[in-house]
Amino acid sequence: MTLPGFDDRDGFIWLNGACVPWREARVHVLTHGLHYGSCVFDGERAYEGRIFRSKDHSRRLLRSAELIDMRVPYTIEQLEAAKSQILELAGGGNKYVRSFAWRGSEMMALGSQSAHIHVAVAAWPWPSLYDPKTKMRGISLDIADYRRPGPSCAPVQSKAGGLYVTATLSKHAAERKGCADALMLDWEGSVAECTGANIFFIADGILHTPTADRFLDGITRQTIIALADQRDIMVIDRRIAVSELASFSECFICGTAAEITPVSTIGSYRFTPGRMTQTLIDAYASRVREPDARIA
Ligand code: PMP
């Protein structure tokens with residue numbers, strides 16, 4: 001069954017303060033965000049009607065905007081209320097929630113300081129990215145040709161649409177080679193993250209993850225570090241060279257959409273998803289469903 005396009009669904013989208021019928025949530029073609037990449041977004045998951053770490057996502061949306069010189073004209077509390085309303089109208093349950101902001105069509109030139117900042121929230125069903133039955137076999141990653149920009153080239157902690165151009169290019173190139181995703185390196189050639197997920201490795205019962213000062217420090221990544229800490233699993237947060245990949249036995253990627261997804265290959269490097277990955281998958285699956293997870 002093919003689902004209708006994202007512009008042709010039932011339901012409601014919160015747009016600049018009001019819930020509008022899904023098909024009527026439109027923008028004009030002469031919109032700054034469309035031409036110059038001036039938009040930011042956040043991706044969240046609701047489990048059984050509650051958005052996991054919702055406030056952290058709202059905070060990040062405001063911060064992402066600030067980093068690209070945009071001020072979202074809503075408070076965290078207003079965004080929280082908008083997300084709750086849209087989730088409820090979508091029937092609660094397990095949903096993906098997308099909140100986003102962009103420069104509008106009031107001005108159309110690079111300098112658009114007086115263009116309005118528009119905000120929207122939508123929610124839709126989005127099951128696990130990978131089939132739970134085959135998930136432990138692991139996915140294959142390509143190594144992307146494009147690298148993450150250096151901190152002096154772009155505001156890398158912003159989930160700004162423009163920064164995803166090389167991520168899409170890398171994901172498409174990986175898919176053409178039969179891989180699920182691509183590992184991206186930082187500007188110096190150290191391991192960074194995937195196109196829309198962070199990455200962890202395991203060797204001798206210790207977790208290793210690249211330091212997130214050159215790419216997005218994901219909320220799932222932070223949750224996994226906390227979960228590992230509670231279980232006395234050591235986490236080493238450091239620069240990781242590509243040549244070290246051969247020394248790790250397990251690898252997984254993580255993010256709101258990917259949750260925790262085991263990896264079986266990165267280029268010619270092989271990993272065997274095992275006990276520690278499974279332990280963290282189980283711990284994450286119960287953490288996101290805890291009643292207090294919303295306020296974390
Ligand atoms: N890196 C990038 C580039 C991403 O787009 C995402 C998804 N938001 C992540 C990492 C993971 O972040 P989070 O765990 O907050 O979803």
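Quick caveat: nothing in here was measured; it's all calculated off a predicted structure.

What counts and how
Residues numbered from 1 in each chain as written. Predicted model: local features only at pLDDT ≥ 70, side-chain atom pairs only at ≥ 80, totals over all residues. Heavy atoms only, no water. Axes fitted to C-alpha atoms, helices over the stretch in contact; angles between N-to-C directions. Helix = DSSP H or I, 4+ residues; strand = E, 2+ residues; numbered from the N terminus. Parallel < 35°, antiparallel > 145°, perpendicular 65-115°, else oblique. Left-handed = near helix turned anticlockwise from the far one by under 90°. Contact = heavy atoms within 4.5 Å. Nonpolar A, V, L, I, M, F, W, Y, C, P; charged D, E, K, R; others polar. Domains from an automatic or database assignment. Buried area = accessible area lost by both parts, 1.4 Å probe. Near = heavy atom within 4 Å. Polar contact = N/O pair within 3.5 Å; in protein donor to acceptor, adjacent residues only side chain to side chain. Areas by Shrake-Rupley, 256 points an atom, 1.4 Å probe, with all protein chains shown as cover. Pairing = 2+ DSSP bridges. Salt bridge = Lys/Arg side-chain N within 4 Å of Asp/Glu carboxyl O. Buried < 20%, exposed > 50% of the residue type's maximum accessible area, 1.4 Å probe, protein only.

Caption draft 1: Spatial organisation of the packing of helix α2 (residues 54-67) against helix α3 (residues 76-89). Close contact between α2 and α3 brings their axes to 10 Å; oriented N to C, the two are set at 120 degrees. Compared by their axis directions, α2 and α3 come out oblique. In this structure, α2 crosses over α3, and the sense of that crossing is right-handed. Residue-level contacts link Ser 54, Lys 55, His 57, Ser 58, Arg 59, Leu 61 and Leu 62 of α2 to Ile 76, Glu 77, Leu 79, Glu 80 and Lys 83 of α3. Tallied by class, residues from the contact of α2 with α3 come to 4 nonpolar, 3 polar and 5 charged.

Caption draft 2: Expanded view of the domain arrangement of the chain. Split into domains, the chain comes out as domain 1 (12-124) and domain 2 (135-287). Here the C-alpha centre of domain 2 lies 26 Å away from the C-alpha centre of domain 1. Listed by partner, the interface residues are 17 residues for domain 1 and 19 residues for domain 2. Taking both partners together, domain 1 and domain 2 bury about 1,500 Å²; carbon and sulfur atoms supply 60% of that area.

Caption draft 3: Spotlight on the site of the ligand. Lining the immediate environment of the ligand, one finds 15 residues, of which Arg 60, Tyr 164, Glu 193, Thr 220 and Thr 256 sit closest. In this structure, Lys 159 approaches the ligand through a side-chain N or O atom, which is 2.7 Å from a nitrogen atom. In the environment of the ligand, an oxygen atom lies 2.6 Å from a nitrogen or oxygen atom belonging to the side chain of Thr 220. Calculation on the ligand without its partners gives an accessible area of 390 Å², and the protein chains cover 94% of this total.

Caption draft 4: Spatial organisation of the sheet that holds strand β5 (residues 95-103). Strand order in this open sheet of 6 strands is β2-β1-β6-β5-β3-β4, and the pairing throughout is antiparallel. Where the open sheet ends on each side, the last strands, each with one partner, are β2 (18-21) and β4 (50-51). Relative to β5, strand β3 (residues 39-47) runs antiparallel, the two being bridged by 8 bridges. From the neighbouring strand, Ala 46 faces β5, where its bridge partner is Lys 95.

Caption draft 5: Expanded view of the pattern of salt bridges. Within this structure, the stated rule accounts for 19 salt bridges. The shortest N-O distance in the salt bridge between Glu 193 and Arg 148 comes to 2.6 Å. Here Arg 148 lies in the loop between β7 (139-147) and α4 (165-176) and Glu 193 lies in strand β9 (residues 191-194), a separation of 45 residues in the sequence. Per residue, the accessibility class of Glu 193 equals that of Arg 148, and both read buried. With its nearest N and O atoms 2.9 Å apart, the salt bridge here joins Arg 221 to Asp 217. The exposure class of Asp 217 is partly exposed, given its relative accessible area of 28%. Through salt bridges with shared partners, one network takes in Asp 8, Asp 10 and Arg 23.

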